[in-house]
Amino acid sequence: MSYVSCALRAAAPRCLPAPWRSPRPFSSATGPTAKKSVPYQKTLKEEGSGTGEPSRPLPPSAEVVVVGGGSLGCQTTYHLAKQGVTSVVLLERDRLTSGTTWHTAGLLWQLRPSDVEVELLAHTRDVVSRELPAETGLHTGWVENGGLFIASNKQRLDEYKRLMSLGKVYGVESYVLTPSQTKDLYPLMNIDDLYGTLYVPKDGTMDPAGTCSTLARAATARGATIIENCPVTGIQVRADNFGVKRVYAVETAHGTIQTPCVVNCAGVWARALGRLAGVHVPLVGMHHAYVVTERIEGIQNMPNVRDHDASVYLRLQGDALSVGGYESNPIFWEEVSEKFAFGLFDLDWDVFMQHIEGAINRVPVLEKTGIKSTVCGPESFTADHKPLMGEAPEVRGFFLGCGFNSAGMMLGGGCGRELAHWIIHGRPEKDMYGYDIRQVTPAAPGPHGLRFHHSLTDNNRWIRERSHESYAKNYSVVFPHDEPLAGRNVRKDPLHEELLRQGCVFQERHGWERPGWFSPRGAAPVLDYDYYGAYGQERHRDYTYNRLLGDEYTFDFPPHHDIIKNECLSCRNALALFDMSYFGKFYLVGPEATKAANWLFTADVSKAPGSTVYTCMLNKRGGVESDLTVSRISPGDPASPLAPAFEGDGYYLAIGGAVAQHNWSHITAVLQDMKLQCKLLDCSEELGMMSIQGPLSRVVLQEVLDTDLSNEAFPFSTHKLTTAAGCTVRAMRLSFVGEMGWELHVPKADCVKVYQAVMQAGARHGITNAGYRAIDSLSIEKGYRHWHADLRPDDTPLEAGLAFTCKLKSSIPFLGREAVEAQKAKGIFRRLVCFTTEEKVPMFGLEAVWRDGEVVGHIRRADFGFAIDKTIAYGYIRDPTGGPVSLDFVKSGSYELERMGVTYPARAHTKSPFDPDNKRVKGFY
């Protein structure tokens with residue numbers, strides 16, 4: 001028998017606290033010879049595998065073919081059948097669960113720092129604990145023993161308190177416990193170093209074989225066909241009459257199934273399956289391990305434990321524990337084997353030992369407890385630790401449901417349902433933007449979005465670095481202003497070096513380095529990734545950028561609060577220059593460009609050249625897919641990125657850089673489906689963009705621009721080509737911050753020259769550089785929406801207070817119009833509301849909203865407004881009685897915002913608390 005303390009001693013005796021006693025030390029540094037087997041009474045391997053023949057004949061065709069019989073494949077198949085797809089086939093190359101699912105720990109924690117993920121987890125729990133047993137009469141293996149999150153410091157407990165407040169919105173029962181209360185709940189736990197814990201009584205565990213076999217039974221009963229021992233050998237893709245690539249058929253060793261839709265749920269093998277269709281799937285395989293102990297007296301019925309600060313979890317396994325975690329030096333699976341089924345790796349104790357010390361510290365009885373078996377299997381991980389889902393932009397009809405970062409069981413039910421809805425209706429019900437594959441891979445030719453630009457996904461070094469950091473930081477506190485250290489400096493705009501010298505502290509967004517804020521202490525460059533000292537890499541010393549990030553690891557106001565305040569107030573009182581070059585910049589041109597624009601955009605954009613319109617784009621259900629500005633343009637020089645040549649009509653689209661690919665994919669799909677004669681051109685890399693905002697912006701820019709900037713000559717929401725410092729630029733009179741100002745869209749070769757001219761002219765007027773942290777504060781103060789914060793695909797313009805963007809008074813049809821009109825007639829049952837608090841307390845989103853003593857919603861976005869000197873928060877609220885949420889309902893309530901378990905009186909506003917009459921943007925001060 002091997003002992004947990006022996007594993008620690010054998011792997012790294014230098015780390016052992018003394019005295020450590022063990023009945024039988026290991027004989028060598030290679031570690032124990034514990035058996036390799038999963039701790040489940042039954043696996044589907046027992047039923048035999050690799051017979052060489054499929055478990056049933058292949059049908060000639062199917063509406064949908066799901067590839068991969070793990071958690072996601074089974075959940076997606078079940079939900080497709082449940083949602084009415086009568087011809088769905090699941091193909092598994094071996095037996096169900098044989099890849100990465102069969103050895104998973106199967107933990108389910110209900111609370112995460114994301115409202116959408118809380119909803120996804122709730123559905124998984126409902127499926128395994130209620131739906132499947134009711135449908136089949138079978139037990140899925142669900143065990144509801146509760147979950148316990150361990151906090152060893154104030155910051156960690158603050159994070160748990162944030163989760164508890166969010167849980168109240170969704171009815172998730174949870175309690176913050178003191179160390180002594182924790183000891184009462186879990187007598188075997190060491191509480192000497194505890195700060196507190198979060199206890200969630202209805203968390204639990206799932207059995208992979210029991211869950212997947214029950215899903216298969218339920219799906220089959222609804223008409224689905226599940227075929228095992230049937231590896232896929234090819235994906236047939238054909239181009240339609242417009243050159244759009246679409247799925248045509250799936251080839252296997254036993255025949256071909258004609259289908260318009262393939263779902264890639266192949267886990268670690270998803271990358272290889274994607275290559276068969278010409279789809280890039282940016283994930284990597286890693287070894288992921290846990291050990292199973294011998295029997296522990298008194299452990300029965302204890303909750304599962306996550307000790308995030310020790311990066312270890314303790315899963316109840318009957319009368320024993322499974323012990324695992326996320327180490328800083330995981331082993332990559334370099335060559336993924338096609339033949340690997342129900343397989344495990346030898347456990348590398350030198351890697352795994354870092355979890356042992358934390359486990360023994362938390363539950364000291366483990367020091368003398370035997371190790372019954374080791375489980376080290378493959379798992380797939382992505383560069384941002386989020387799954388890859390949705391329709392691939394390279395091939396229509398090729399969907400992904402993979403890259404679940406060892407959370408495929410936990411997220412499987414919720415994500416399986418959303419993926420099924422996505423396939424059937426063209427989009428998910430919930431906001432799955434963060435998981436959307438369209439943010440990953442480019443629809444060539446085109447831009448590349450929030451998650452990963454093509455220069456990143458084609459770069460194995462970048463994928464490896466970011467996947468490592470995401471894995472190593474999986475248990476880290478999720479702070480509001482954290483930034484990655486891996487995979488940086490890939491995309492730099494023309495002003496990068498200029499701003500770096502002036503103390504710019506950069507943020508990373510989809511590969512771009514964009515300005516965050518400006519440090520008065522000088523340059524803070526981002527250095528090459530050092531893997532946090534793993535793999536023999538030497539850690540950077542005196543790393544200024546990392547130190548500045550670390551200073552902001554707090555849920556209080558950050559130490560740079562006053563610096564951001566100065567940037568904001570300089571904009572409000574004088575002027576500031578914002579480098580916004582990472583924005584997406586597209587041209588929609590061609591004979592049917594106006595027809596496309598009328599259908600795509602909610603506002604009437606078919607105005608005369610020189611006009612600029614703020615508008616939304618919707619989906620069929622009326623949800624907001626984007627907000628952007630659209631400018632009507634005239635044809636120009638074929639070689640100019642500022643004014644391209646075209647026939648027909650032309651529109652210039654400026655879109656927040658973090659959502660550029662999402663917009664590109666949405667527009668492209670609409671153009672393909674409608675078969676319109678127009679093109680979408682991308683000039684994001686060819687143009688820089690500077691925004692000069694503030695009361696003195698006109699005075700300064702009048703010295704730089706060769707055009708009259710008066711209200712009469714250059715009114716708000718217009719644009720024109722002009723010159724600045726001898727360079728041609730497109731000037732637009734717009735604002736993202738609620739001040740008078742202009743955007744300058746500049747060819748990249750001229751950006752530095754134009755920037756220097758503006759800064760020189762503004763020097764005597766108090767101009768300052770400002771970053772996106774200031775934009776976040778200024779924009780929320782003015783009440784401007786941020787897409788994917790207070791505006792998402794599951795929100796409508798009416799709910800978000802953007803009805804003015806919809807051309808409902810005209811007869812012009814637009815995508816989503818019918819849904820918006822139906823909602824208007826029926827009433828608005830959810831509404832975005834602005835709140836302010838008198839108490840100066842930091843808020844970041846996820847805070848619960850109380851109205852007259854009842855929880856009615858949660859905060860989506862929050863920041864501090866320096867001009868009004870208040871905390872500002874935006875959240876959607878509902879009427880607990882189920883009635884419509886009118887403005888009278890909003891005004892009549894008494895509100896409180898709950899932050900980390902403490903409530904603060906709040907005032908609800910039906911207009912922006914700053915400049916509610918919009919005078920400043922029009923130049924009236």
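Residues numbered from 1 in each chain as written. Predicted model: local features only at pLDDT ≥ 70, side-chain atom pairs only at ≥ 80, totals over all residues. Heavy atoms only, no water.

### Overview of the overall build of the protein chain
No. 1: When its secondary structure is counted, the protein chain shows 21 helices and 41 strands.
No. 2: Radius of gyration (C-alpha) of the protein chain: 28 Å, near the 29 Å computed for a compact globule of 925 residues.
No. 3: The principal-axis extent of the C-alpha atoms belonging to the protein chain is close to 85 × 65 × 55 Å.
No. 4: Within the protein chain, buried positions represent 62% of all 925 residues.
No. 5: Considering only contacts within the protein chain whose residues lie at least 6 apart along the sequence, 73% involve residues at least 24 apart.
No. 6: Accessible surface, the protein chain as shown: approximately 33,300 Å² in total, 49% of it carbon and sulfur.
No. 7: Seen as two clouds, the 98 positive and the 105 negative side-chain charges of the protein chain have centres 2 Å apart. (Helix = DSSP H or I, 4+ residues; strand = E, 2+ residues; numbered from the N terminus. Rg over C-alpha atoms; globule rule 2.2 N^0.38 Å. Buried < 20%, exposed > 50% of the residue type's maximum accessible area, 1.4 Å probe, protein only. Contact = heavy atoms within 4.5 Å. Areas by Shrake-Rupley, 256 points an atom, 1.4 Å probe, with all protein chains shown as cover. Lys, Arg positive; Asp, Glu negative; His and termini not counted. Charge placed at Lys NZ, Arg CZ, Asp CG, Glu CD.)

### Digging into the sheet that holds strand S26 (residues 584-590)
Within a sheet, each strand pairs with its neighbour through backbone hydrogen bonds, oriented either parallel or antiparallel.
No. 1: Pairing in this open sheet of five strands is antiparallel, and the strands run S27-S28-S29-S26-S30 from one edge to the other. Each edge of the sheet is formed by a strand with only one pairing partner; in this case those strands are strand S27 (612-618) and strand S30 (679-682). Going from strand to strand, the sheet's axes swing by 30° on average, the running direction of each strand aside.
No. 2: When S26 meets strand S29 (residues 649-655), the two strands line up antiparallel, connected through seven bridges. Each residue of the ladder has a partner; that of Leu588, found in S29, is Tyr651.
No. 3: On the sheet, helix H15 (residues 593-600) packs against S26, S27, strand S28 (624-633) and S29 and is oriented at approximately 125° with respect to S26.
No. 4: Along the sheet, helix H16 (residues 660-674) contacts S26, S27, S28, S29 and S30; its crossing angle with S30, the most-contacted strand, is approximately 160°. (Pairing = 2+ DSSP bridges. Axes fitted to C-alpha atoms, helices over the stretch in contact; angles between N-to-C directions.)

### Focus: unusual backbone geometry
No. 1: Residues other than glycine seldom take positive phi values, yet Asn301 does so here, at roughly 70°.
No. 2: Relative to the helices and strands, Asn301 is located in the loop between strand S15 (283-293) and strand S16 (304-307).
No. 3: Taking the relative accessible area as the measure of exposure, Asn301 reaches 66% and is therefore exposed.

### Topic: the pattern of salt bridges
No. 1: One pass over the structure, following the stated rule, counts 55 salt bridges.
No. 2: A salt bridge links Arg547 to Asp551; the shortest N-O distance between them is 4.0 Å. Taken together, the residues span about one helical turn, with Arg547 and Asp551 both in helix H13 (residues 544-551) at a distance of four residues.
No. 3: It is possible to trace a salt-bridge network through shared partners that takes in Asp115, Asp431, Arg792, Asp794, Asp795, Glu799, Arg830 and Arg860. (Salt bridge = Lys/Arg side-chain N within 4 Å of Asp/Glu carboxyl O.)

### Thoughts on the nonpolar core
No. 1: Of all hydrophobic cores here, the largest spans 80 residues; its most connected members are Val64, Val263 and Cys415.
No. 2: It is helix H9 (residues 408-425) that contributes the most residues to this core, eight residues altogether.
No. 3: Excluding residues that lie within four positions of it along the chain, Cys415 makes contacts with Leu72, Leu120, Met389, Phe404, Met432 and Tyr435.
No. 4: With 60 residues, the next largest nonpolar core counts Leu148, Ile299, Leu347 and Ala359 among its residues. (Core = buried A, V, L, I, M, F, W, Y, C linked by side-chain atoms within 4.5 Å.)

### Comments concerning the sheet that holds strand S13 (residues 255-258)
No. 1: Strand order across the open sheet formed by three strands is S11-S12-S13, with antiparallel pairing between neighbours. On the outer flanks of this sheet lie strand S11 (232-239) and S13, each paired with one strand and no other. Taking the axes of each pair of neighbouring strands and ignoring which way they run, one obtains an average angle of 30° across the sheet.
No. 2: Where strand S12 (residues 245-252) lies against S13, four bridges are found, and the strand directions are antiparallel. Of the residues in S13, the one forming a bridge with Val250 is Ile257.

### Things to note about H9
An α-helical turn contains 3.6 residues, so a residue and the one three or four places further along point in the same direction.
No. 1: Its maximal kink placed at Gly414, H9 deviates by approximately 40°.
No. 2: Most of H9 is tucked away: 15 of the 18 residues are buried. (Bend = angle between axes of the 7 residues up to and from the residue.)

### Observations regarding the environment of Tyr587
No. 1: Secondary-structure assignment places Tyr587 in strand S26.
No. 2: Residue Tyr587 is classed as buried on the basis of its relative accessible area, which comes to 0%.
No. 3: If we skip the residues at most four places from it in the chain, Tyr587 touches Ile633, Pro641, Leu642, Ala643, Pro644, Tyr651, Tyr652, Lys679, Leu680, Leu681, Cys683 and Leu687.

### Brief notes about the environment of Thr728
No. 1: Inspection of the secondary structure puts Thr728 in strand S33 (residues 727-732).
No. 2: What makes Thr728 partly exposed here is its relative accessible area of 41%.
No. 3: In sequence terms Thr728 and Pro747 are 19 residues apart; their C-alpha atoms lie 8.0 Å from each other.

### Here's the deal with the side chain of Arg491
No. 1: Locating Arg491 in the fold gives a position in strand S22 (residues 491-492).
No. 2: Note on Arg491: relative accessible area 7%, which makes it buried.
No. 3: Among the polar contacts made by the side chain of Arg491, one reaches the side chain of Glu685 at a distance of 2.4 Å. (Polar contact = N/O pair within 3.5 Å; in protein donor to acceptor, adjacent residues only side chain to side chain.)

### With respect to the confidence of the model for the protein chain
No. 1: For the protein chain, per-residue confidence averages 92 on the pLDDT scale, and 93% of positions sit at 70 or higher.
No. 2: Within the model, pLDDT remains below 50 along residues 441-451, and this stretch shows 48 contacts once partners closer than five positions in the same chain are excluded. (pLDDT = per-residue confidence, 0-100.)

### Re H13
No. 1: Within H13 the residues assigned to the buried category are Tyr545, Leu548 and Leu549. Down the axis of H13, the sector holding all buried residues measures 100°, keeping them to one side.
No. 2: On its buried side, H13 packs onto strand S23 (504-509) and strand S24 (512-518). (Arc of directions from axis to C-beta.)

### Quick word on the side chain of Thr101
No. 1: With respect to the helices, strands and loops of the structure, Thr101 is situated in the loop between strand S4 (88-91) and strand S5 (107-108).
No. 2: Taking relative accessible area as the criterion, Thr101 reaches 9% and is therefore assigned buried.
No. 3: Within the structure, the side chain of Thr101 is placed 3.0 Å from the backbone nitrogen of Ser71, a separation counted as a polar contact.
No. 4: Beyond its immediate chain neighbours, meaning those up to four positions away, Thr101 contacts Gly70, Ser71, Pro208, Cys212 and Met409.

### Side note on the packing of aromatic side chains
No. 1: Scanning the model with the defined rule gives 28 aromatic pairs in all.
No. 2: Each ring, one from Trp269 and one from Trp333, has its centre 6.0 Å from the other, and the planes form 90°; the classification is edge-to-face. With a gap of 64 residues between them, Trp269 in the loop between strand S14 (262-264) and helix H7 (270-277) and Trp333 in the loop between strand S18 (320-325) and helix H8 (349-362) connect regions that are remote in the sequence.
No. 3: For Trp333, a relative accessible area of 11% puts it in the buried group.
No. 4: Taking the centre distance of 5.4 Å and the plane angle of 90° together, the rings of Tyr582 and Tyr772 count as edge-to-face. (Phe/Tyr/Trp six-rings, centres within 6.5 Å; stacked < 30°, edge-to-face > 60°.)

### A few points about the packing of H15 against H16
No. 1: Across the interface, H15 lies against H16 with an axial gap of 11 Å and an inter-helix angle of 120°. Compared by their axis directions, H15 and H16 come out oblique. Between H15 and H16 lies a crossing of right-handed hand. Residue-level contacts link Ala596, Trp599 and Leu600 of H15 to His666, Ile667, Val670, Leu671 and Met674 of H16.
No. 2: Classifying every residue of the contact of H15 with H16 gives seven nonpolar, one polar and no charged. (Parallel < 35°, antiparallel > 145°, perpendicular 65-115°, else oblique. Left-handed = near helix turned anticlockwise from the far one by under 90°. Nonpolar A, V, L, I, M, F, W, Y, C, P; charged D, E, K, R; others polar.)

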